[in-house]
Amino acid sequence: NSLRNKSQDLKTIVPNPKGTAVCASCGAVYERKRWFENEARSRELRSHPGIDMTPCPGCIRTKADYPEGILTCTGAFVRAHHDDILHTIVAIAKRERARDTLCRLMDVRSSAEGITVKAANERLVRKLGHALQNASGGELKSVFSHGVRLTRVAWHRDEPGRAEKARLAAAR
């Protein structure tokens, strides 16, 4: 796990391929100096003899367990709406990965305290945190580490949602 001790960006540790390439793990395609997902193009390129089959930065980061972002979701609201929150996280991550192969979930864990998400890209955890806050309120905090590229985003919400407040008010 030699990447963990590096203070430089992964892109400087692992250079991009010189020409067109396909990630052997996830099938992402490298063309015109960028990685992207395109299943049809990936299949087409894999059939060419001599195509460079090299891991993409997202797969390297995932294998090395070197996230750029960690999101933690805590509070009574998170426990009450666990499945909805997970669905939102996965849907946003899927949409963002279509744009950028580094915007991927590396690990998602649920515990009694809430949900913890590791992402290969710090922008993704910031986007997830803002989406949860915009949809459900709560408190959002971001901490950016200096040296090692790591952004920690914490979203916390204890109070009940609007529907629960309306139900409680109607019961009085």
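Please read these numbers as outputs of a predicted model, since none were measured by experiment.

## Here we look at the overall build of the chain
Thought 1: Helix and strand content of the chain: 7 helices and 9 strands.
Thought 2: Expressed as a percentage of the 172 residues in the chain, the buried residues total 38%.
Thought 3: Taking as baseline every contact in the chain between residues at least 6 positions apart, the subset at least 24 positions apart corresponds to 59%.
Thought 4: As displayed, the chain offers around 10,100 Å² of accessible surface, 51% of which is attributable to carbon and sulfur atoms.

## Focus: unusual backbone geometry
Thought 1: Its identity as a non-glycine residue notwithstanding, Arg-32 has a phi of 50 degrees, on the positive side.
Thought 2: Topologically, Arg-32 is positioned in the loop between β2 (29–31) and β3 (34–36).

## What to know about the sheet that holds β3
Thought 1: Read across the sheet, 4 strands follow the order β3-β2-β1-β4 without closing on themselves; strand pairing throughout is mixed. Each edge of the sheet is formed by a strand with only one pairing partner; in this case those strands are β3 and β4 (52–53).
Thought 2: In terms of strand pairing, strand β1 (residues 21–22) meets β2 through 2 bridges, oriented antiparallel. In the sheet register, Ala-21 faces β2, and the bridge partner there is Tyr-30.
Thought 3: Its contacts with the sheet place helix α2 (residues 39–46) against β1, β2 and β4, and it is angled at close to 85 degrees to β2.

## Concerning the confidence of the model for the chain
Thought 1: In the predicted model, the chain carries a mean pLDDT of 88, and the fraction of residues at 70 or more is 85%.
Thought 2: Below a pLDDT of 50 lies the segment residues 1–7, which in the model reaches 14 contacts outside its immediate sequence neighbourhood of four places, other chains included.

## Remarks on the nonpolar core
Thought 1: Core analysis: the biggest nonpolar cluster contains 19 residues, and Leu-71, Cys-73, Ile-85, Ile-89, Ile-115, Leu-128 and Trp-155 have the highest contact counts within it.
Thought 2: For this core, the secondary structure elements donating two or more residues are β5 (69–74), α4 (76–80), α5 (82–99), β7 (114–119), α6 (122–136) and β9 (151–156).
Thought 3: Listed in part, the 7 residues of the second largest apolar core include Cys-23, Ala-28, Trp-35 and Cys-59.

## Digging into the pattern of salt bridges
Thought 1: Scanning the entire structure with this criterion turns up 14 salt bridges.
Thought 2: One salt bridge connects Arg-123 with Asp-100, and the closest N-O pair in it is separated by 3.3 Å. Here Asp-100 lies in the loop between α5 and β6 (105–110) and Arg-123 lies in helix α6, a separation of 23 residues in the sequence.
Thought 3: With a relative accessible area of 22%, Asp-100 lands in the partly exposed category.

## A few points about the packing of aromatic side chains
Thought 1: In this structure the tally under the stated criterion is 2 aromatic pairs.
Thought 2: Plain terms: the ring middles of Tyr-30 and Trp-35 are 5.2 Å apart, the flat faces sit at 50 degrees to each other, and that makes the pair tilted. Across this residue pair, the class does not change: Tyr-30 and Trp-35 are buried.
Thought 3: Of note, Arg-157 hangs over the ring of Phe-77, and the distance from its end group to the ring centre comes to 3.8 Å.

Basis of the calculations
Residues numbered from 1 in each chain as written. Predicted model: local features only at pLDDT ≥ 70, side-chain atom pairs only at ≥ 80, totals over all residues. Heavy atoms only, no water. Helix = DSSP H or I, 4+ residues; strand = E, 2+ residues; numbered from the N terminus. Buried < 20%, exposed > 50% of the residue type's maximum accessible area, 1.4 Å probe, protein only. Contact = heavy atoms within 4.5 Å. Areas by Shrake-Rupley, 256 points an atom, 1.4 Å probe, with all protein chains shown as cover. Pairing = 2+ DSSP bridges. Axes fitted to C-alpha atoms, helices over the stretch in contact; angles between N-to-C directions. pLDDT = per-residue confidence, 0-100. Core = buried A, V, L, I, M, F, W, Y, C linked by side-chain atoms within 4.5 Å. Salt bridge = Lys/Arg side-chain N within 4 Å of Asp/Glu carboxyl O. Phe/Tyr/Trp six-rings, centres within 6.5 Å; stacked < 30°, edge-to-face > 60°. Lys NZ or Arg CZ within 6 Å of the ring centre and 35° of its normal.

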